[in-house]
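An overview of the molecular structure
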Amino acid sequence: MIRHREIRRQEQIRPVRRTLVPSRALRKRLVPKPSVEYVIADCQRKAGAGEATQHNNGISQMRKRMRGSPWARIFQRSLTTLTRSAVKTGTRAVKRALKPAVVKRTPPPGAGGWSLGVAVRPTGARRFRLYRPPDVKFGERLPLIVMLHGCGQDANAFATSTRMNRIAMRERFLVLYPEQDRLANAQGCWNWYDTSSGRAYGEAALIMNAIDQVCLLHPVDGTRLAIAGLSAGASMAALLVTRQPGRFKAVVMHSGIPPGTAHSTLSAMGAMHGHRATLPPVATPVTMAASWPPLLVIHGDADALVSPRNGLAAAHLWAAAAGAQAGTARTVQRGQRYPMAVTDFKRKGKTVATLVAISRLAHAWSGGAANKPFSDGKGPDASRMVWAFAARQFRT
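This write-up is about the structure you can find in this document.

How each quantity is defined
- Residues numbered from 1 in each chain as written.
- Predicted model: local features only at pLDDT ≥ 70, side-chain atom pairs only at ≥ 80, totals over all residues.
- Heavy atoms only, no water.
- Helix = DSSP H or I, 4+ residues; strand = E, 2+ residues; numbered from the N terminus.
- Buried < 20%, exposed > 50% of the residue type's maximum accessible area, 1.4 Å probe, protein only.
- Contact = heavy atoms within 4.5 Å.
- Areas by Shrake-Rupley, 256 points an atom, 1.4 Å probe, with all protein chains shown as cover.
- Phe/Tyr/Trp six-rings, centres within 6.5 Å; stacked < 30°, edge-to-face > 60°.
- Polar contact = N/O pair within 3.5 Å; in protein donor to acceptor, adjacent residues only side chain to side chain.
- Salt bridge = Lys/Arg side-chain N within 4 Å of Asp/Glu carboxyl O.
- Disulfide = S-S within 2.5 Å.
- Core = buried A, V, L, I, M, F, W, Y, C linked by side-chain atoms within 4.5 Å.
- Axes fitted to C-alpha atoms, helices over the stretch in contact; angles between N-to-C directions.
- Parallel < 35°, antiparallel > 145°, perpendicular 65-115°, else oblique.
- Nonpolar A, V, L, I, M, F, W, Y, C, P; charged D, E, K, R; others polar.

Further remarks concern the overall build of the chain. Helix and strand counts for the chain stand at 12 helices and 13 strands. Counting across all 396 residues of the chain, residues that qualify as buried make up 40%. Within the chain, contacts between residues separated by at least 24 positions form 64% of all contacts whose residues are at least 6 apart in sequence. As presented, the chain carries roughly 23,300 Å² of accessible surface, and 58% of it is formed by carbon and sulfur atoms.

The final tally for this structure, using the stated rule, is six aromatic pairs. Centre to centre, the rings of Trp 192 and Tyr 193 are 5.7 Å apart; their planes meet at 90°, and the pair counts as edge-to-face. Residue Tyr 193 is classed as buried on the basis of its relative accessible area of 11%. Geometrically, the ring pair formed by Trp 292 and Trp 318 is edge-to-face, given 5.3 Å between the ring centres and 65° between the ring planes. One end of the pair, Trp 292, is in the loop between α10 (285–291) and β7 (295–300); the other, Trp 318, is in helix α11 (residues 308–322), with 26 residues separating them in the sequence. Here Trp 292 falls in the buried class, since its relative accessible area comes to 12%. Linked through ring pairs, Phe 173, Trp 387 and Phe 394 together constitute an aromatic cluster.

Moving on, we come to the environment of Tyr 131. Note that Tyr 131 resides in strand β2 (residues 124–132). Given a relative accessible area of 4%, Tyr 131 falls into the buried group. Along the sequence, Tyr 131 and Ala 159 sit 28 residues apart, while their C-alpha atoms lie 9.2 Å from each other. Once you skip the residues sitting within four places of it in the chain, Tyr 131 turns out to touch Ala 111, Gly 112, Gly 113, Trp 114, Asn 165, Ala 168, Met 169, Phe 173, Leu 174 and Val 175. Within the structure, the side chain of Tyr 131 is placed 2.7 Å from the backbone oxygen of Ala 111, a separation counted as a polar contact.

Another aspect to go through is the pattern of salt bridges. Applying the stated criterion to the full structure yields eight salt bridges. Of the charged contacts in the structure, one is a salt bridge between Glu 171 and Arg 170, with a shortest N-O distance of 3.7 Å. Under the relative-accessibility criterion, Arg 170 is labelled partly exposed at 47%. For the salt bridge of Asp 344 with Arg 330, the shortest nitrogen-to-oxygen distance reads 3.0 Å.

Another aspect to go through is the state of the cysteines. If you walk through the whole model with that rule in mind, you get one disulfide. Covalently, Cys 151 is tied to Cys 189 through a disulfide, its sulfur atoms 1.9 Å apart. Residues Cys 151 and Cys 189 are joined by a disulfide whose S-S torsion is about 130°; by sign, that bridge is right-handed. With Cys 151 in the loop between β3 (142–148) and α5 (155–162) and Cys 189 in the loop between β4 (174–178) and α7 (199–217), this pair connects stretches of sequence that are 38 residues apart. Assessed through its relative accessible area of 24%, Cys 151 is described here as partly exposed.

The next point concerns the side chain of His 363. Along the chain, the position of His 363 falls in the loop between β11 (350–358) and β12 (365–366). At 3.0 Å, the side chain of His 363 forms a polar contact with the side chain of Ser 231. Only 2.8 Å separates the side chain of His 363 from the side chain of Asp 303, close enough to count as a polar contact. Setting aside anything within four residues of it in sequence, one finds His 363 in contact with Ser 231, Ser 255, Asp 303, Leu 305, Val 306 and Phe 374.

Within the largest apolar cluster, 56 residues are counted, with the highest numbers of intra-cluster contacts made by Leu 144, Leu 176, Ile 211, Ile 227 and Trp 318. Residues within four places of Ile 211 in sequence aside, it is in contact with Leu 144, Val 146, Leu 176, Leu 225, Leu 240, Arg 247 and Phe 248. One finds Val 342, Met 385, Trp 387 and Ala 391 within the second-largest nonpolar core, a separate group that totals 35 residues.

Running from N to C, α7 and helix α8 (residues 232–243) cross one another at 80°; their axes reach a closest spacing of 10 Å. Relative to α8, the element α7 lies roughly perpendicular. Residues Ala 200, Tyr 201, Glu 203, Ala 204, Ile 207, Met 208 and Ile 211 of α7 form the contact with α8, whose own contacting residues are Met 236, Leu 239, Leu 240 and Arg 243. Among the residues making up the contact of α7 with α8, the classes are represented as nine nonpolar, no polar and two charged.

A few words now on unusual backbone geometry. Even without a glycine there, the phi angle at Ser 231 is positive, about 60°. Here Ser 231 shows up in the loop between β5 (220–230) and α8. At Asn 371, a residue that is not glycine, the phi angle is positive and equals roughly 60°. Structurally, the position occupied by Asn 371 is in the loop between β12 and β13 (375–376).

This is the structure in structure tokens:
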């Protein structure tokens, strides 16, 4: 009896192991319900998958129909042809746009050096190009010809049209080509007329800076300098000589306007048509004979842009300041080139100015390269005339 009671007591004390199974209500409370955002996203995902499947099936069916349709094949071929044509047209347009830049970087033809330099002053800077003939010997000193381009040109284009480097290579002299900045003048013209604001004198000083730099760094004979120019470059060349006449042995104006004719843009337009009088140079016959270089004027009688009266005025004013008298004009023609009338102005047997009036020549460099802007290959060779005129002065 006692034994039985002890067993029952131990069973009451021993813990009972049971498996707890939650009820259905408890399970509903324990499992979280999906949020509204989750339900919406799930619906959109299922709808998108269905639409993508329908879209792909539609494209496949369309492709099958287009393969079998002759009009679709014609349309596809036409579209391909138009696309290729548009690509070729765009390529040609890009090549045409890049061609001027490539040509501008290409040096003029011929042997010798073609270098780039920059003249800097507090008032600005100007680039220049320098041609140096080949095989310059150690200790050799060569003459320097300064060439100033006209409107719508740059140093490279002017060297190519005048072909002055070819003469420099044969006769052995250096050629300096200062270049106007398009920010200073949108057309690339030298501002020779803008004396009221002083801009003309500033540009003249920059050109002299380039000349001094070349004389210092290259084998230049500083006693044999000459300057020439076309159109606005001719006017700037004459202006530069009037400010520093002792630096040059010769000056050449081709189709230009003499300085002292204009002082602003508006007056320069009137001067181009020969409607303005020119102030004489500030010089006497004594100073002209002592330090001023002789002047060569080349002008075409068919020039509609710059009146030939400007060339005649330049020669007469230069001669009058020196007290020179005009000689008898002589007609010269070489082969099939345009004829020209040459008039020398002399004082005591010394040529002070020479006027060359070329028949049928418009506003262009006479005898220049054919098919180049502002260049006429049918005229007498102005580049040879420039060098011949300068060389005579170098020898005196």
